[in-house]
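# Examination of the molecular architecture
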Amino acid sequence: MASSIATDTPPPPAPAPAARRNQSTGRAGDKIFLGLSRGSGIFLLVVMAAIAIFLSIRAGIAISEDQGNFLTTFDWNPAGSPPAFGIAVLLFGTVVSSVIAMAIAVPIAVGIALFISHYAPRKLAAPLAYVVDLLAAVPSIVYGIWGALFLVPYLGGLNEWLDSYLGWTVLFEKTEVGVARSIFTVGILLAIMILPIVTSVSREVFLQVPRMNEEAALALGATRWEVIRLSVLPFGRSGVISASMLGLGRALGETMAVATVLSPSYVLSLHLLNPGGGTFAQNIAAKFDEANQLGRDALIASGLVLFVLTLLVNGAARMIIARRKEYSGANA
């Protein structure tokens, strides 16, 4: 009779006590990290909601007392009898100065970022990148003082040239005599201020382009510019859009530099070289200390408009990136 041989494999050994402790500790760490992450997100939403509720309540009080049209009135006189104030001039100045800043800063910033990441020698690229990053740390008031004492006096010649050759466009026609404390000057100053932000983010995005993409293009006989046009720019386009939105956010909310350079007035003019104009942040900084209770509520109402404008700009940027999937570096 053939003897039977047991073929059952023995059960695996039980984990050691130290291993069990490590597993339980890891699970506890995951739960703690999940709770902290979720709590941070909820806290951020609560803060945003609290800001929106506060601004809405105070803005409602001010708008209910306004005897003018809050959206179309040019004057700002909440202390008058009757009180009348509106954001037409402030909205125009904020948007136009930011658009000027973006039109000047973004192309220059992308060019600097491409030079640092793909053209400059390593010994030059590192110091240049450091200088650009250092410019982002300069306080706003320093930019404002420099703009008032240096930029404004030396922009007279540029204004005359624009008036002579582009005055037919109305935008660059100068119809008033005065120093260059205008929306156009504010746009130039804001462009200088947001240039380091857009440059730094764009540079880091361009440095993340896969080397295989560039080497493949070079192997096919592409020139340096063709490599950048076909491989680098499509990969980094979403990053450039994000960098531009960061710069636009700073331009929309800039206060001290604008208040130092601009000669405020509540006249809405399409002549960008004429002195005058105003922005939301500049008006809040200039009027808050001397305002009465209604005046402060009116300023808070204008701050609510700036808050909504910033949210809309960021939301639009996210929609652009989401709808243009080919801009994503993950698809490169």
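Labelled according to an unreviewed UniProt entry, the chain appears under the name Phosphate transport system permease protein, originating from Streptomyces violascens. Listed in UniProt under the heading Subcellular location (unreviewed entry), the comment for the chain reads: "Cell membrane". In its Sequence similarities (unreviewed entry) section, UniProt records this for the chain: "Belongs to the binding-protein-dependent transport system permease family. CysTW subfamily."

If you tally the helices and strands in the chain, you get eleven helices and two strands. Put simply, the chain runs from its N terminus to its C terminus through helices and strands in the order α-β-β-α-α-α-α-α-α-α-α-α-α. The buried share among the 332 residues of the chain stands at 37%. Residue pairs at least 24 apart in sequence account for 75% of intrachain contacts in the chain once pairs closer than 6 positions are excluded.

With that settled, the discussion passes to helix 2 (residues 88-119). Taking 1.5 Å per residue, 32 residues should reach 46 Å; helix 2 reaches 45 Å between its end C-alpha atoms and fits that length. At A105, helix 2 shows its largest bend, some 25°, and a proline, P107, comes one to four positions later.

Summarising the element assignment, R58 is placed in helix 1 (residues 17-65). The sequence separation of R58 and A301 amounts to 243 residues, and the corresponding C-alpha distance is 6.8 Å. Residues in contact with R58, not counting those within four places in the same chain, are Q293, D297 and I300. Within polar-contact distance, the side chain of R58 engages the side chain of D297 at 2.5 Å.

Cut-off values and rules
- Residues numbered from 1 in each chain as written.
- Predicted model: local features only at pLDDT ≥ 70, side-chain atom pairs only at ≥ 80, totals over all residues.
- Heavy atoms only, no water.
- UniProt positions renumbered as here; feature names shortened; annotations may be inferred.
- Helix = DSSP H or I, 4+ residues; strand = E, 2+ residues; numbered from the N terminus.
- Buried < 20%, exposed > 50% of the residue type's maximum accessible area, 1.4 Å probe, protein only.
- Contact = heavy atoms within 4.5 Å.
- Expected span 1.5 Å × (residues − 1).
- Bend = angle between axes of the 7 residues up to and from the residue.
- Polar contact = N/O pair within 3.5 Å; in protein donor to acceptor, adjacent residues only side chain to side chain.

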